[in-house]
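# Secondary and tertiary structure notes
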Amino acid sequence: MQPIPILLLILGYFSLLILISYFISKKDEGNDAFFKANKNSPWYLVAFGMIGASLSGVTFISVPGKVEASQFVYFQLVLGYIVGYFVIGTVLLPLYYRLNLTSIYTYLGDRFGRNSYKTGAWFFILSRTVGSNLRLMLVADVLQTLVFDKLNVPYWVTVTVTILLIWVYTKKSGIKTIIWTDTLQTLFMLISVVVCIVIVSEDLGLNISTLSGFIAESDFSKTFFFEDASLPSYFWKQFLSGAFIAIVMTGLDQDMMQKNLTCRSLKDAQKNMFWFTIVLTFVNFLFLVLGLLFTEYTLKYDIDAHKDQLFPILANEYLGLSVAFFFILGLIAAAYSSADSALTSLTTSFSIDILEIEKKYDAVKQIAVRKKIHLLFVFISIFVIIGFKYFVADVSIIDKVLKFAGFTYGPLLGLYSFGLFTKWQVRDNWVPFVAITAVLTSIILNLYSETWFGFAFGFEILIVNGMLTFLGLILIRRK
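## A short note on the packing of aromatic side chains
A complete count under the given rule lists 36 aromatic pairs for this structure. With 5.8 Å between their ring centres and 85 degrees between their planes, Trp236 and Phe239 make a pair best called edge-to-face. Of this pair, Trp236 and Phe239 both sit in helix 11 (residues 235–251), three residues apart, roughly one helical turn. What makes Phe239 buried here is its relative accessible area of 18%. The interplanar angle of 20 degrees and the centroid separation of 5.4 Å between the aromatic rings of Tyr448 and Trp452 together place this pair among those described as stacked.

As structure tokens, this is what we get:
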């Protein structure tokens with residue numbers, strides 16, 4: 001696919017998002033709309049839009065690319081998500097609605113004290129700032145290669161313009177706009193995946209009646225791994241990790257919970273979580289099916305395309321214009337539905353949790369401060385992406401940073417577990433030290449556990465991180 005058509009697709013895509021933003025926000029740019037969408041969002045829109053926010057552009061590329069090496073291991077993790085989402089719907093959402101929270105980290109302040117509150121908020125801000133922007137960077141790299149290098153557009157211009165466009169359609173009504181734009185972006189992403197599956201299936205001589213049998217008989221469709229408990233692919237490691245990942249990266253994440261808290265009632269929010277779980281499980285399975293079909297396609301035609309390069313190479317060099325078009329559309333939808341909500345949630349958390357604007361300023365001043373914070377995070381995003389691109393060129397280092405950013409959710413898991421399942425109070429001044437120590441210890445264990453114990457940690461390092469935080473809080477409890 002030539003660069004000019006792709007550029008026109010990108011411009012048309014953002015134009016549509018900006019148009020939606022105009023109609024959604026022209027009557028309301030207050031903080032109640034920006035932070036909570038006036039608590040009037042239809043639950044079904046929230047549920048559908050959350051799919052796109054949960055699946056970043058990295059997921060769009062990486063999940064199909066993993067099938068060749070690890071088969072359907074990832075689906076074990078997805079099954080664990082179901083348990084985690086059940087906990088969110090039955091434990092966390094009732095808590096958040098009972099306390100009528102705008103930022104979910106306010107709970108930590110009520111339960112433990114100011115330092116615990118700030119610790120939770122800062123860990124979220126750090127993790128989202130690094131993780132979300134590096135994920136967006138990896139997608140920007142793909143678009144730069146396909147389009148902007150051929151048009152002689154510098155990388156820093158691509159990144160800057162892209163993030164400014166996100167700012168344009170989120171600056172007035174924030175989460176109120178995103179509820180609608182994410183719904184559209186999720187639809188685009190799903191259409192892209194389904195179209196790609198249909199086209200590749202036809203090329204492989206498959207139809208609806210033969211596809212399921214082909215998947216079942218493929219060497220790449222093995223899903224459950226019980227053979228070796230020391231391996232990261234072991235079922236119970238993946239399943240339990242999936243449950244805890246869902247709890248912390250959805251239930252304890254301001255980005256994801258901010259959408260849930262825009263529903264009209266707790267009952268609506270729980271319906272949203274129920275249907276979101278079903279649809280997300282199905283969508284993740286579709287990505288794995290797509291990866292299997294792509295892998296079989298490369299074997300059939302002896303194509304050298306593997307891992308994260310599998311989808312881009314096949315879409316743009318072998319499968320024709322239609323697949324290339326829908327690959328770009330789906331990639332953009334997956335990337336920016338995640339990026340726009342991250343920008344909004346970071347603005348919310350910094351405004352509410354760090355600056356405490358609701359306590360310090362009147363309504364008019366709150367809006368002015370919030371707008372400045374929103375713009376500040378635009379420039380921080382640009383700085384993070386360009387900084388890593390030009391000064392940390394080693395892809396393996398970037399992969400590690402993305403993984404380590406996930407460690408910052410461990411202290412949140414420990415803090416919320418301690419708050420919900422014990423009645424103890426803690427020495428609040430010591431909480432930041434406990435959280436930082438837990439993260440550093442988890443990183444060291446992750447790096448050297450295989451050498452020391454012959455045991456390789458996978459995603460379950462998150463559970464260890466949370467347990468270390470929980471134990472640390474026991475040590476600093478007030479008697």
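## Let's talk about the environment of Val78
By secondary structure assignment, the location of Val78 is in helix 5 (residues 73–99). Spatially, the C-alpha atoms of Val78 and Ala243 are 8.3 Å apart, while their sequence positions differ by 165 residues. In contact with Val78, other than residues within four places in its own chain, are Thr281 and Asn284.

## Considerations on the packing of helix 8 (residues 155–170) against helix 15 (residues 320–354)
One can describe the packing of helix 8 onto helix 15 by two numbers: an axis separation of 10 Å at closest approach and a directional angle of 65 degrees. At the point where helix 8 passes helix 15, the crossing takes the right-handed sense. Here Thr162, Ile166, Trp167, Tyr169 and Thr170 of helix 8 lie close against helix 15, whose contacting residues are Tyr336, Ala339, Asp340, Leu343 and Thr344. When its residues are assigned to classes, the contact of helix 8 with helix 15 shows six nonpolar, three polar and one charged.

## Remarks on the packing of helix 7 (residues 114–148) against helix 8
Where helix 7 meets helix 8, the closest approach of the two axes is 10 Å, and the angle between their N-to-C directions is 120 degrees. The angle between helix 7 and helix 8 falls in the class oblique. Crossing handedness for the pair helix 7 and helix 8: right-handed. Contact with helix 7, carried on its side by Leu136, Met137, Ala140, Asp141, Gln144 and Phe148, involves Tyr155, Thr158, Val159 and Ile163 of helix 8 and no other residues of that element. Among the residues making up the contact of helix 7 with helix 8, the classes are represented as seven nonpolar, two polar and one charged.

So, how was this worked out
- Residues numbered from 1 in each chain as written.
- Predicted model: local features only at pLDDT ≥ 70, side-chain atom pairs only at ≥ 80, totals over all residues.
- Heavy atoms only, no water.
- Phe/Tyr/Trp six-rings, centres within 6.5 Å; stacked < 30°, edge-to-face > 60°.
- Helix = DSSP H or I, 4+ residues; strand = E, 2+ residues; numbered from the N terminus.
- Buried < 20%, exposed > 50% of the residue type's maximum accessible area, 1.4 Å probe, protein only.
- Contact = heavy atoms within 4.5 Å.
- Axes fitted to C-alpha atoms, helices over the stretch in contact; angles between N-to-C directions.
- Left-handed = near helix turned anticlockwise from the far one by under 90°.
- Nonpolar A, V, L, I, M, F, W, Y, C, P; charged D, E, K, R; others polar.
- Parallel < 35°, antiparallel > 145°, perpendicular 65-115°, else oblique.

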